[in-house]
Amino acid sequence: MAEYSYFGPIAELVSMDALPLKGAIQENALGLLTRQGVLARNGMIQEIGEHEKLLPFAKKAGAEIHIFDTPLVALPGLIDCHTHICFSGSRARDYALRNAGSTYLEIAKAGGGIWDTVTRTRQALEGELIRGITTRVGKHISQGVTTIEVKSGYGLTTEEELKMLRAIRKAGDSVPADLISTCLAAHMLPRDYAGSSKEYLEMLGNELLPRITEEGLSKRVDAFVEEGAFSPSDILPYLEKAKGLGFEITVHADQFTTGGSQVAIDCQALSADHLEASTPKEVSALAQSDVIAVALPGASLGLGCGFTPARALLDAGASLAIASDHNPGSAPMGQLLTQAAILGAREKLTTPEVFAGITFRAAAALNLSDRGILRKGMLTDMVLFPTNDHREILYHQGSLQPVYTIKKGKIVYSKPEA
Ligand code: NIG
Ligand code: FE
C-alpha cells in the first residue's frame, strides 16, 4: 500500500527547479514559492502546491500529516559530494605542526599525513569503522545533509580497501541518509608496497577493481593526482582501465600543483575536486568541458590556504559544486553549510550559486538525477530552516541550524527544542 506523508505550511520553498547546470546564476533567479505544502508518496514528491489546497487532498489520501506552526524555509536535502568519513584516529598533531610552520607535504613525507591515518585505519576492525561513519553521518544529517559521498583510500591494499568499502556499505544500510561510496585506493603509493606506482596501479586495476564489482561495493573510482601522490602519466592508464570496467571517475585535482584537472577532462570524469591551484588556463579548460568543478572550502580552512577560484569558474561557464571534504587530515570540521557560506562570502557567490553547489549541482557530480531539486517525481529529501527568508540561511554561516531534516518523506532529524 502506498505510504503518504504531508508537510506544510512551508513559508518559503526554494525548489532549485529550472536553474542551469553550468555557469553563473543571478541573485534573483530563484523561483520562490510561498505557503506551500509537500505531499510525498513512497518517499517521492507526489505534489507541491498551496498549503490550503493540498492539505485536504493529503488528508483524503490518509497521509501522515505534519503541520508547522512557525515559519520555515525549505531547501532540497543537502548533498555532500566529497568526504572521507571512513577512518580511524585523529590528526590533531598534523594540524598543530602545520600551524607551527610545517607544510602538508612535508608532514606527509615525514610519515605523518595520510599514511598515519592508513596505519590507524588498518588497525581498526570493521565494526569500529562503521561506528565512526555512523556518528559522523549523524552530524551531517543534523545539518540537513541527506546524501553523502564516502571514499575509501586509507586501506591501500586489496583487503583493506575492501574492508573500508564494506564498512561504508554496512553503515549505509543503517543510517537515514544515502551513502555513495567511492574507491580511492589511488590516494598515495603505500609505503609498505615494494613495487612502483605503475605496479601498484596495475595491481589495483587487475585485482581490487574486479573484486569491488563482484561484491557490488562501489561504482566510482577516485585518484589523488599530485606531487607526492600520482602523476598524470601514472594515473591515466589506471583511470582508463577503471572506466573500461564500468566505473565512474572523479579526481582529486590541482590541490597544490596543476595537472589533475586536465586528467579529469581527458578521461571525462564526472568531477574534478579541490582546484585551489587552478590558474585561468585550467579554469577555462574545465568550463569548456562537462566536468563538474568541486570546491572544498573545508580543506582550505583546515590547511589555512587559498580557496578554489569559484567565482572565476562560474563566470567562465563551469558547473560548481561545493563539498566538505570531511577527513581527519586536511578538513576535520565537516560542516558543509558553514563552509559553503564562507566560500560564498569570500568568492562573492550569489545565494543561488551557493545553494546550487550543495544541491542539484552536487547531485550531478554524483550522477544522481533523482534529487537536489524539489519537484514532483524527485525524492522527498528536504531540509527546513527556522526563518521566513531564505537569505538568512547563508547569512548565519551555518549557525542557523535546521529544525527538520526529511529523508524520503520521513523526518529523520528534528532539533531537540523543535
Ligand atoms: O581531499 N588531498 C588528498 N586527500 C584528502 C586528504 C586526506 C587526508 O589528509 O587524510 C583531501 O584533502
Ligand atoms: Fe578529498
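These numbers were taken from a predicted model, which means no experiment stands behind them.

> I keep staring at the overall build of the chain and nothing clicks. Help me out?
Of the regular secondary structure elements, the chain holds 16 helices and 16 strands. At 21 Å, the chain has a C-alpha radius of gyration in line with the 22 Å of a compact globule built from 418 residues. With respect to the three principal axes, the spread of C-alpha positions in the chain is 70 × 45 × 40 Å. In the chain, which comprises 418 residues, the proportion classed as buried is 59%.

> Would you mind showing me how to read the domain arrangement of the chain here?
The figure often quoted for interface size is the accessible area lost as the parts come together. Each assigned domain of the chain is listed here: domain 1 (4-76 + 373-414) and domain 2 (79-365). For domain 1 versus domain 2, the distance between C-alpha centres works out to 30 Å. Each partner contributes to the interface: domain 1 provides 32 residues, whereas domain 2 provides 36 residues. Of the roughly 2,700 Å² buried between domain 1 and domain 2, counting both surfaces, carbon and sulfur atoms make up 67%. Broken down residue by residue, the surface that domain 1 buries against domain 2 is led by Leu 21, Lys 22 and Leu 394, which jointly contribute 23%. Summed over the shared surface of domain 1 and domain 2, the number is two salt bridges. When the shortest N-O distance is used, the salt bridge between Asp 178 and Lys 407 registers 2.7 Å. In this structure, the connection of domain 1 to domain 2 is made through 17 residue pairs in polar contact (both at pLDDT 80 or more). Of all the secondary structure elements, the ones that give two or more residues to the side of domain 1 that touches domain 2 are strand 5 (73-76), strand 14 (382-385), helix 16 (391-395), strand 15 (404-407) and strand 16 (410-414).

> How should the pattern of salt bridges be read in this particular structure?
Pairing is possible between side chains of opposite charge, provided their charged atoms come close. With the rule as written, the count across this model stands at 23 salt bridges. Here Arg 375 and Asp 17 are joined by a salt bridge, their closest N and O atoms 3.0 Å apart. Note that Arg 375 is positioned in the loop between helix 15 (360-365) and strand 14 and Asp 17 in the loop between strand 1 (4-14) and strand 2 (32-41), a separation of 358 residues in sequence. Of the charged contacts in the structure, one is a salt bridge between Asp 222 and Lys 151, with a shortest N-O distance of 2.8 Å. Here Asp 222 is found in strand 9 (residues 220-224), whereas its partner Lys 151 is found in strand 7 (residues 145-151), with 71 residues between them in sequence. A residue is classified by how much of its surface remains accessible, and Lys 151, at 0% relative accessible area, is buried.

> Is there a simple way to explain the nonpolar core in this structure?
When a protein is soluble and globular, its nonpolar side chains tend to lie buried together. One finds Ile 235 and Leu 239 to be the most contacted residues of the largest nonpolar core, which totals 101 residues. Element by element, the count of residues in this core is highest for helix 7 (residues 197-215), at seven residues. Here this core gathers at least three residues from each of two domains, domain 1 (4-76 + 373-414) and domain 2 (79-365). Apart from residues no more than four positions distant in its own chain, Ile 235 is found in contact with Ala 186, Leu 201, Ala 223, Val 225, Phe 230 and Val 263.

> It is not clear to me how the site of ligand 1 should be interpreted in this structure. Could you clarify?
Residues in close proximity to ligand 1 total 15 residues, the closest being Arg 91, Tyr 104, Tyr 154, Gln 255 and Ser 330. In this structure, an oxygen atom belonging to ligand 1 sits 2.6 Å away from a side-chain N or O atom of Tyr 104. Here a nitrogen atom of ligand 1 sits 2.9 Å away from a polar atom, N or O, in the side chain of His 187. Summarising the interface, the protein chains cover 100% of the accessible area of ligand 1, which totals 320 Å² for the free molecule. By residue class, the composition of the shell around ligand 1 is four nonpolar, nine polar and two charged.

> It is not clear to me how the state of the cysteines should be interpreted in this structure. Could you clarify?
Note: disulfide means a covalent bond formed between the sulfur atoms of two cysteine side chains. For the structure shown, the criterion picks out zero disulfides. The thiol of Cys 86 is unpaired, and the distance to the nearest cysteine sulfur, on Cys 183, comes to 12 Å. Residue classification places Cys 86 among the buried residues on the basis of a relative accessible area of 0%. Free cysteine: Cys 267, not disulfide-bonded; nearest cysteine sulfur from Cys 183 at 14 Å.

> Whenever I open this one, the environment of Gly 377 confuses me. Can you help?
Considering the arrangement of structural elements, one finds Gly 377 in the loop between helix 15 and strand 14. With a relative accessible area of 43%, Gly 377 lands in the partly exposed category. Those residues in contact with Gly 377 that sit more than four places away from it in its chain are Met 44 and Ile 45.

How each quantity is defined
Residues numbered from 1 in each chain as written. Chains lettered and ligands numbered in written order. Predicted model: local features only at pLDDT ≥ 70, side-chain atom pairs only at ≥ 80, totals over all residues. Heavy atoms only, no water. Helix = DSSP H or I, 4+ residues; strand = E, 2+ residues; numbered from the N terminus. Rg over C-alpha atoms; globule rule 2.2 N^0.38 Å. Buried < 20%, exposed > 50% of the residue type's maximum accessible area, 1.4 Å probe, protein only. Domains from an automatic or database assignment. Contact = heavy atoms within 4.5 Å. Buried area = accessible area lost by both parts, 1.4 Å probe. Salt bridge = Lys/Arg side-chain N within 4 Å of Asp/Glu carboxyl O. Polar contact = N/O pair within 3.5 Å; in protein donor to acceptor, adjacent residues only side chain to side chain. Core = buried A, V, L, I, M, F, W, Y, C linked by side-chain atoms within 4.5 Å. Near = heavy atom within 4 Å. Areas by Shrake-Rupley, 256 points an atom, 1.4 Å probe, with all protein chains shown as cover. Nonpolar A, V, L, I, M, F, W, Y, C, P; charged D, E, K, R; others polar. Disulfide = S-S within 2.5 Å.

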